[in-house]
Amino acid sequence: MCGIAGYVGLRAEQGEPLLRILADAQAHRGPDGAGCFVHGTVGLAHRRLAVIDRIGGDQPFRWGRYVLSYNGEVYNFRELRDELRRLGLVFRTRSDTEVVAAAWATWGVAALDRFNGMFALAVTDTETGETVLARDQFGIKPLYLACAPGRVLFASELKPLLATGLVDRRPDEVTLFRYLRFRVHDDTDRTFFAGISRLLPGELARISPDGTVVRQPYTSLPAQLREAAAQPGRPYGPAAAEEFAAMLQAAIRRRLVADVPVGTALSGGLDSSTVVATVNRLLLDTDGEVGPIGHRQQSFSAVFPGELNDEERYVDAVAARCRSLTVHKVRPSPVGFLADLEDFVRTQEEPTISTGPYAQYCVMRTAAQHVTVMIDGQGADELMAGYVPYYLVKLRELRRLGDHRQLIMELARAQDVLWRLGRFTVRDRLAGRAAVSAGSVLSADFQAQHGDQQLITVIDDLKARLENDLFRTSLQSLLRYEDRNTMRFSIEGRVPFLDTELVRLLWSLDSSAILHAGWNKRALRDAARPLLPSLITKRRNKIGFTTPESTWFRAIGPRLRRILASDSFGSRPYFDQAAALAAFDAFLAGRAAAETMLFWRMINVELWLREFVDVQQAWPAASSALAAA
């Protein structure tokens, strides 16, 4: 895992100091080394977190006419290296970086869909002057662009682009509105900053020497999934269940490759527990890939004793089952949240849906004291219908298909799950607590300006909805949170459920492998059954990796209220300050529903504006360096 950056369209005397600024602003992404490359009007920068072949693999890396700056890991690099060797290529290092460079030189764009892993890369052709940017199929690793006439800047994070002083610090009000009104973000190529866009999952950008940018998708993965979903699918039975379990183990095993210590995140949910239990079995089997784990697996968990979202008993159940496991428990608190709030907002760079990512922030801070790589269960919910609303999608799908018998069966067997979807609303109504809508706390003018915005999603096709959530909506925000939280503490995060082979296999099966007879994640539950106690494999109460937000907001209510009551909040054109304060006061008094995610979105926008927009000047280092150039 690393940080990459660069430019196209600047002279060397301007570009070289700029590369130092871009690299230094994301030094946390790569504390083990730095490098730059300048050729004509193109410059590449790199910060390295050395994980594989710590001696070789420094970047930017040159292979013939091509120079590569690359962030991520390609887990099938050894198989690709063998294939390239058979073509006559000779390798000097053990790194996946060299394989990526050689693959690009050999296959060009076609190499990208051969990679099974996570990556964001920039490769410059020194003969033509063209630079190509690309991002992995799922968008696990980020890449941002800021384009101006004749000039393009790019980086793994937003802070480096802002640090140059060449990018205006202006909010993208469409993104702000969609976030505040619909609770979505990272669902398009727009960011919260006007003038900065994100490269989408499976997308590349060709940048010519004159700064012209042509963006296009390169991956065939979504189309392959849609084609598979249009077919009946292989019946899910014992053979398919065994194949899925083997493929999942292979995906987890692939992500153990490292020359540094590897640990795991354990929330207590099915997904992370399966990862931990699989690694435990590989340890007991003395598998050849488990060396980076050490003699005992190091797992890290956030627990909230006494809270509704506490999963400590599930964590303890996994620990009791896995003999070669040490669990480090982290206990985030509202006091700690206030102390970390400024750094958390700065770390994330853009607003978050809730305070939930702060729990992961705390876990990664502790994990960094023990390991360099963390493996977790991210992506399994979007892959196998882990959220309660997916049950509704399945029910609507059955109604659309006219399969009333199956519809009645699924409805009957999912009643307890569906109750969880609305139980808090029912309780609030019975207690007389009023609901608070986003529209009631946003300014009328702001809403009128963006009245054409809509939230469109798939409501009656399960696999189509999952595909959309994988590549465009739900998962994209979670991947951004994880990237920032891990990299803040110089940790590489790995997500085995986002394995191209595993996803293709699951989509080749009929949808009963995903959701059947009131049970979601059917194939995963079957795979985990020999590894985990039934307390985990038969869990129905999806909690998610979050904080006890309602309790926390009541505990620190006065501090949060001061933000909403501030002059700066009142001066924003986005909010109705009086309505926001009235709603928050009603919540603290128990008269209104606990719409803490809405309150957080307003607070987060205010803090984000203070951190990134209100301060208009570039960092001093940037100003002086550019002046010297």
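Conventions and cut-offs
- Residues numbered from 1 in each chain as written.
- Predicted model: local features only at pLDDT ≥ 70, side-chain atom pairs only at ≥ 80, totals over all residues.
- Heavy atoms only, no water.
- Helix = DSSP H or I, 4+ residues; strand = E, 2+ residues; numbered from the N terminus.
- Rg over C-alpha atoms; globule rule 2.2 N^0.38 Å.
- Buried < 20%, exposed > 50% of the residue type's maximum accessible area, 1.4 Å probe, protein only.
- Contact = heavy atoms within 4.5 Å.
- Lys, Arg positive; Asp, Glu negative; His and termini not counted.
- Charge placed at Lys NZ, Arg CZ, Asp CG, Glu CD.
- Axes fitted to C-alpha atoms, helices over the stretch in contact; angles between N-to-C directions.
- Parallel < 35°, antiparallel > 145°, perpendicular 65-115°, else oblique.
- Nonpolar A, V, L, I, M, F, W, Y, C, P; charged D, E, K, R; others polar.
- Pairing = 2+ DSSP bridges.
- Polar contact = N/O pair within 3.5 Å; in protein donor to acceptor, adjacent residues only side chain to side chain.

1. Observations concerning the overall build of the protein
Phase 1: A tally of regular secondary structure across the protein gives 27 helices and 19 strands.
Phase 2: Taken against the 2.2 N^0.38 rule, which gives 25 Å for 629 residues, the C-alpha radius of gyration of the protein at 24 Å falls within 12% of a compact globule.
Phase 3: Across its three principal directions, the C-alpha atoms of the protein cover 70 × 65 × 50 Å.
Phase 4: Out of the 629 residues in the protein, the part that is buried amounts to 60%.
Phase 5: At a minimum sequence separation of 6, the contacts of the protein that also span at least 24 residues come to 74%.
Phase 6: Of the charged side chains in the protein, 77 are positive and 73 negative; the average position of the first set lies 4 Å away from that of the second.

2. Digging into the packing of helix H6 (residues 221–229) against helix H19 (residues 500–508)
Two packed helices can be described by the angle between their axes and the distance between those axes.
Phase 1: Orientation of H6 relative to H19, taken along the N-to-C sense of each, is 20 degrees, at an axis distance of 9 Å. It follows that H6 is roughly parallel to H19 by the angle criterion. Residues Leu-221, Gln-224, Leu-225, Ala-228 and Ala-229 of H6 form the contact with H19, whose participating residues are Thr-500, Val-503, Arg-504 and Trp-507.
Phase 2: Split into classes, the residues belonging to the contact of H6 with H19 amount to 6 nonpolar, 2 polar and 1 charged.

3. Details of the sheet that holds strand S17 (residues 492–494)
Phase 1: Sheet architecture is open: 5 strands sit in the order S15-S14-S13-S16-S17, paired in parallel fashion. Looking at strand neighbours, the two that pair on one side only are strand S15 (325–330) and S17, the edges of this open sheet. Averaged over all adjacent pairs, the angle separating strand axes in this sheet is 30 degrees, with direction ignored.
Phase 2: Looking at chain direction, strand S16 (residues 373–375) and S17 are connected through 3 bridges and run parallel. Paired with Ile-375 across the bridge in S17 is Arg-494.

4. Some details on unusual backbone geometry
Phase 1: The omega torsion of the bond from Gln-59 to Pro-60 falls at -5 degrees, within 30 degrees of zero and hence cis.
Phase 2: Of note, Arg-183 is a non-glycine position whose phi angle comes to about 65 degrees, a positive value.
Phase 3: Using a relative accessible area of 44% as the deciding quantity, one classes Arg-183 as partly exposed.

5. Quick look at the environment of Asp-136
Phase 1: You can see Asp-136 is positioned in the loop between strand S7 (131–135) and strand S8 (144–148).
Phase 2: You can call Asp-136 buried: its relative accessible area is 0%.
Phase 3: Measuring from C-alpha to C-alpha, the distance between Asp-136 and Ser-208 comes to 21 Å, with 72 residues separating the pair along the chain.
Phase 4: With residues up to four places along the chain from it excluded, the contact list for Asp-136 reads Gly-117, Met-118, Phe-119, Lys-141, Pro-201, Gly-202 and Tyr-218.
Phase 5: Within the structure, Asp-136 has its side chain in polar contact with the backbone nitrogen of Phe-138 (distance 3.0 Å).

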